[in-house]
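# Results of the structural survey
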Amino acid sequence: MAVEPLSPQEIEDALTGLPGWSVADGRLTRSYRLASHVAAAALVAHIAAVQDELDHHSDLTLGYDTVSLSVHTHSAGGALTAKDFALARRVEDIAPGHGAH
Ligand SMILES: C[C@H](O)[C@H](O)[C@H]1CNC2=NC(N)=NC(=O)C2=N1
């Protein structure tokens with residue numbers, strides 16, 4: 001399925017519904033802080049499952065007590081698309097259950 005790049009206005013509008021997320025170097029990105037390394041690793045595993053479900057994958061980085069995501073859409077030439085924002089919204093849904101903030 002072809003997925004279209006979002007316009008700058010569409011990106012701005014989508015970001016207003018995603019506090020904590022920003023666009024850096026053309027990628028949609030957010031970092032979370034967790035209570036421990038194991039808690040952070042559990043969030044990574046949960047995000048990985050969501051990404052497989054959506055068939056859309058971020059660069060996902062595990063730190064000591066942090067998890068960072070950075071995503072754009074390869075199949076749209078690296079543009080930001082609705083798929084990136086759909087993933088961000090799903091991650092926002094699950095992150096609080098891991099104590100992420
Ligand atoms: C074949 C498979 O559907 C594609 O490779 C998917 C997998 N995950 C993906 N993730 C991201 N971020 N962009 C893509 O274009 C993409 N394409």
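Attention in this report is confined to the structure presented alongside it. (Residues numbered from 1 in each chain as written. Predicted model: local features only at pLDDT ≥ 70, side-chain atom pairs only at ≥ 80, totals over all residues.)

## Some points on the overall build of the protein
If you tally the helices and strands in the protein, you get three helices and four strands. In terms of overall dimensions, the protein is globule-like: its C-alpha atoms have a radius of gyration of 13 Å, near the 13 Å expected for 101 residues. With the C-alpha coordinates aligned to their principal axes, the bounding extent of the protein is approximately 40 × 25 × 20 Å. Pairs at least 24 apart in sequence give 67% of the contacts found in the protein among residues at least 6 apart. (Helix = DSSP H or I, 4+ residues; strand = E, 2+ residues; numbered from the N terminus. Rg over C-alpha atoms; globule rule 2.2 N^0.38 Å. Contact = placed C-beta atoms within 7 Å.)

## Considering helix α3 (residues 82-94)
With 13 residues, α3 extends 19 Å from end C-alpha to end C-alpha; this agrees with the ideal 18 Å at 1.5 Å per step. For α3, the full list of buried residues reads Asp84, Phe85, Leu87, Ala88 and Val91. With its buried residues spanning 155 degrees around the axis, α3 presents them on a single face. The secondary structure elements touched by the buried residues of α3 are α1 (8-16), β2 (27-33), α2 (37-54) and β4 (66-71). (Expected span 1.5 Å × (residues − 1). Buried ≥ 20, exposed ≤ 12 C-beta atoms within 10 Å, placed from the backbone. Arc of directions from axis to C-beta.)

## Describing the pairing of strand β3 (residues 59-62)
Of the pairings in the sheet, the one linking β3 to β4 comprises four bridges and is antiparallel in character. Among the inter-strand pairings, Asp59 is bridged to a residue of β4, identified as Ser70. (Pairing = 2+ DSSP bridges.)

## Quick look at unusual backbone geometry
With a phi close to 55 degrees, Asp25 is a non-glycine residue in the positive phi region. Summarising the element assignment, Asp25 is placed in the loop between β1 (22-24) and β2. What makes Asp25 exposed here is the crowd of 7 C-beta atoms within 10 Å.

## A word on the nonpolar core
Tyr32, Leu34, Leu43, Val67, Val91 and Ala100 are the most contacted members of the largest nonpolar core, which has 18 residues in total. It is α3 that contributes the most residues to this core, four residues altogether. With residues up to four places along the chain from it excluded, the contact list for Tyr32 reads Leu43, Thr66, Val67, Ala95, Ala100 and His101. (Core = buried A, V, L, I, M, F, W, Y, C linked by C-beta atoms within 7 Å.)

## Structural notes on the packing of α2 against α3
Between α2 and α3, whose axes approach to 10 Å, the crossing angle comes to 145 degrees. Read as a crossing pair, α2 and α3 show a hand that is right-handed. For the pair α2 and α3, contact is made by His46, Ile47, Val50, Gln51 and Leu54 and by Ala86, Leu87, Arg90, Val91 and Ile94, respectively. (Axes fitted to C-alpha atoms, helices over the stretch in contact; angles between N-to-C directions. Left-handed = near helix turned anticlockwise from the far one by under 90°.)

## With respect to the site of the ligand
For the ligand, the full set of nearby residues is Asp55, His56, His57, Val71, Thr73, His74 and Ser75. Classifying every residue of the shell around the ligand gives one nonpolar, five polar and one charged. (Near = placed C-beta within 6 Å. Nonpolar A, V, L, I, M, F, W, Y, C, P; charged D, E, K, R; others polar.)

## Things to note about the pairing of β2
In this structure, β1 lies alongside β2, joined through three bridges in antiparallel fashion. Residue pairing for β2: Ser22 is matched across the bridge by Thr29. Two strands pair when backbone bridges link them, and β2 and β4 are joined in this way by six bridges, in the antiparallel orientation. Among the inter-strand pairings, Arg33 is bridged to a residue of β4, identified as Thr66.

Remember, this is a structural readout, not a statement about activity or role.
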